[in-house]
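Descriptive analysis of the structure
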Amino acid sequence: MRLRILSREDNSLEIAFGGEGHTLLNLLQNLLLKQKGVKMAGYSKPHPLMDRSILFVNTDGDKPPEVALIEAAEEGKRLLKEFLEEFEKAARQVRRQDA
Amino acid sequence: MGEKLRVEALTLKGDTLRFILMGCDTAFANALRRTMISEVPCMAIEDVFIFANTSVMHDEILAHRLGLIPLKTDLERYVLPERCDCGSELGCSRCRAVLTLDVSAEGEARTVYSGDLIPEDPVIRPVNSEIPLVKLAPGQALKLEAYARLGLGKVHAKWQPVSCCIYQQVDERQLEALGIDRTEGVGKAFIFTVESTGCLPPERIVSEAVKVLMGKLEEFSEKMRRGELMEEIKEFEVVEEVGRGLYRVSAEEYEEEEEEEE
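Residues numbered from 1 in each chain as written. Chains lettered and ligands numbered in written order. Predicted model: local features only at pLDDT ≥ 70, side-chain atom pairs only at ≥ 80, totals over all residues. Heavy atoms only, no water.

Quick look at the overall build of chain A now. Broken down by element type, chain A carries two helices and five strands. Tracing chain A from N to C terminus, the helices and strands come up as β-β-α-β-β-α-β. Taken against the 2.2 N^0.38 rule, which gives 13 Å for 99 residues, the C-alpha radius of gyration of chain A at 17 Å runs more than 25% over that of a compact globule. Based on the C-alpha atoms only, the size of chain A along its principal axes is roughly 60 × 35 × 20 Å. Put simply, chain A has 99 residues, and 49% of those count as buried. (Helix = DSSP H or I, 4+ residues; strand = E, 2+ residues; numbered from the N terminus. Rg over C-alpha atoms; globule rule 2.2 N^0.38 Å. Buried < 20%, exposed > 50% of the residue type's maximum accessible area, 1.4 Å probe, protein only.)

Shown next as structure tokens:
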């Protein structure tokens, strides 16, 4: 993963991701939009064959977009951890259905 | 947010795992699905050295068929070649496993099967030994050495650990029909079906996908914190990472073409 800031104005940030696509950016966008203080969040993949995507965040000014992004990543990690715990719990009582 | 994630009704049938994921958004379910398909590493044959091939099948077609054989994978002892520190083009014992094939048809015609491949490392062997590769006529012979490596599904479908990985969103009525208790009041619900090619157990593929996604988020948040935000971004990342001369299209070439058009 390579990151490059494309533009940084008042409360908005545009950042390019090298080597990432819909998998990560759609998740990040979703996590950002659920956050308080985030006015707008979106991403685009300028060309389907290129491995480069662009994420855009705009906040209301109470928190800088960088902080919103870090919080989104942390929330994502929390969700994944929760999922893994639940999944392993379910896996312990897995039902085999082999004929 | 606020809702609790829940995983229910895990069932396993052969290589197919089914479970119900509740209390998350579509984006989360989709990130999991996409990661399982394209970013969980598994073993596949990548380089083939052919010493003798008098069969009717061309070397490159045979190499392609060998590449598509699902192999049992050991993620503990092997690393992705690009993450291996050996730096060798042929790889070392940590980033490649060798399989050999030496078959000749004497007297009567015979079919060469995936089971004829002799693994150097007994763990890295074909999932199924009955995959036909080529039919040899009397007198024809095949002798080769195949190098299996870990890889990612986004580079080539032969490295996809799942033959099927889908989810279906279900409503309350369907959940009730499945006998799921809805008292906790969950949001969206998805039925996941994960079918492994046999390279890894399906539940392992799910936990590996979580690990991969977790790593990405960790890396991202670390880079944001440290302010590593002015890195060089090439136009064709994946293609260059493979770098075995087969797929290489460099960013420079692409830019030159654009200039000519102007």
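From this point, the discussion proceeds with the structure in view.
Glancing now at the confidence of the model for chain B. Residues and elements named next belong to chain B. In this model, chain B carries an average pLDDT of 87, and 86% of its residues clear a pLDDT of 70 or more. Confidence over residues 248-256 falls short of pLDDT 50; this stretch has ten contacts with residues more than four positions distant or in other chains. Interface predicted TM-score (ipTM) for the complex: 0.93; the corresponding pTM is 0.87. (pLDDT = per-residue confidence, 0-100. Contact = heavy atoms within 4.5 Å.)

On to the sheet that holds strand β10 (residues 189-196) of chain B. One open sheet accounts for five strands, arranged β5(A)-β1(B)-β2(B)-β10(B)-β9(B); its pairing is mixed. Two strands bound the open sheet, and with one partner strand each, they are β5 (95-96) of chain A together with β9 (162-170) of chain B. Across six bridges, strand β1 (residues 6-13) of chain B lies against strand β2 (residues 16-22) of chain B in antiparallel orientation. Bridge pairing in β2 of chain B links V7 of chain B to L21 of chain B. Docked against the sheet, helix α1 (residues 26-38) of chain B engages β2, β9 and β10 of chain B, running at close to 170° with respect to β9 of chain B. (Pairing = 2+ DSSP bridges. Axes fitted to C-alpha atoms, helices over the stretch in contact; angles between N-to-C directions.)

Looking now at the packing of α1 of chain B against helix α4 (residues 202-226) of chain B. All names here are of chain B. For the pair α1 and α4, the least separation of the axes is 9 Å and the interaxial angle reads 105°. Taken together, the axes of α1 and α4 are roughly perpendicular relative to one another. Facing α1, whose interface residues are A31, L32, T35 and M36, α4 presents I205, V206, A209, V210, V212 and L213. Per-class residue counts for the contact of α1 with α4 are nine nonpolar, one polar and no charged. (Parallel < 35°, antiparallel > 145°, perpendicular 65-115°, else oblique. Nonpolar A, V, L, I, M, F, W, Y, C, P; charged D, E, K, R; others polar.)

Before going further, it helps to spend a moment on the sheet that holds strand β6 (residues 118-119) of chain B. All names here are of chain B. Taken together, four strands build an open sheet; the order of strands is β3-β8-β4-β6 and the sheet is antiparallel. The outermost strands of the open sheet, each flanked by one partner alone, are β3 (42-53) and β6. Both β3 and strand β8 (residues 141-151) contribute to a ladder of ten bridges, which runs antiparallel. The partner of C42 across the bridge, within β8, is G151. Those strands touched by helix α2 (residues 59-67) are β3 and β8, and its axis lies near 150° from that of β3.

Attention shifts here to the domain arrangement of chain B. Residues and elements named next belong to chain B. On domain assignment, one finds that chain B holds domain 1 (6-39 + 161-226) and domain 2 (42-155). Of note, the centres of domain 1 and domain 2, computed from C-alpha atoms alone, are 32 Å apart. If you look at the interface, domain 1 gives ten residues, while domain 2 gives eleven residues. K154 serves as the salt-bridge partner of E39, at 3.8 Å between the closest nitrogen and oxygen. Run the count over domain 1 and domain 2 and you get five residue pairs in polar contact (both at pLDDT 80 or more). Among the secondary structure elements, those contributing two or more residues to the side of domain 1 that touches domain 2 are α1 and α4. (Domains from an automatic or database assignment. Salt bridge = Lys/Arg side-chain N within 4 Å of Asp/Glu carboxyl O. Polar contact = N/O pair within 3.5 Å; in protein donor to acceptor, adjacent residues only side chain to side chain.)

Residue and element names in this part refer to chain B. Where α2 is concerned, the buried positions are L62, L66 and G67. Taken around the axis of α2, the buried residues stretch over an arc of 140°, which confines them to a single face. Among the structural elements, β3, β7 (132-136) and β8 are those in contact with the buried residues of α2. (Arc of directions from axis to C-beta.)

On to the packing of aromatic side chains, then. Inspection of the entire model under this criterion finds nine aromatic pairs over all chains. Of the aromatic side chains, those joined through ring pairs into one cluster are F83 and F87 of chain A together with F19, F28, Y167, F190 and F192 of chain B. Against the face of W159 of chain B rests K158 of chain B, its NZ or CZ located 4.8 Å from the ring centre. (Phe/Tyr/Trp six-rings, centres within 6.5 Å; stacked < 30°, edge-to-face > 60°. Lys NZ or Arg CZ within 6 Å of the ring centre and 35° of its normal.)

Okay, the interface of chain A and chain B next. With 47 residues of chain A at the interface, the matching set in chain B holds 51 residues. Taking both partners together, chain A and chain B bury about 5,100 Å²; carbon and sulfur atoms supply 67% of that area. One can count six salt bridges joining chain A with chain B. Two residues, E218 of chain B and K77 of chain A, come together in a salt bridge whose shortest N-O distance is 3.0 Å. Counting every contact that joins chain A to chain B gives eleven residue pairs in polar contact (both at pLDDT 80 or more). Looking at the side of chain A that touches chain B element by element, the count peaks at 18 residues for helix α2 (residues 65-92) of chain A. (Buried area = accessible area lost by both parts, 1.4 Å probe.)

Of all hydrophobic cores here, the largest spans 83 residues; its most connected members are F17 and F83 of chain A together with F19, L21 and F28 of chain B. With ten residues, α2 of chain A is the single largest residue contributor to this core. Ignoring any residue separated from it by four or fewer positions in sequence, one finds F83 of chain A in contact with L5, V7, F19, L21, F28, L32, V206 and V210 of chain B. Judged by nonpolar contacts, the second largest core, of seven residues, contains I20, M22, V170 and I180 of chain B. (Core = buried A, V, L, I, M, F, W, Y, C linked by side-chain atoms within 4.5 Å.)

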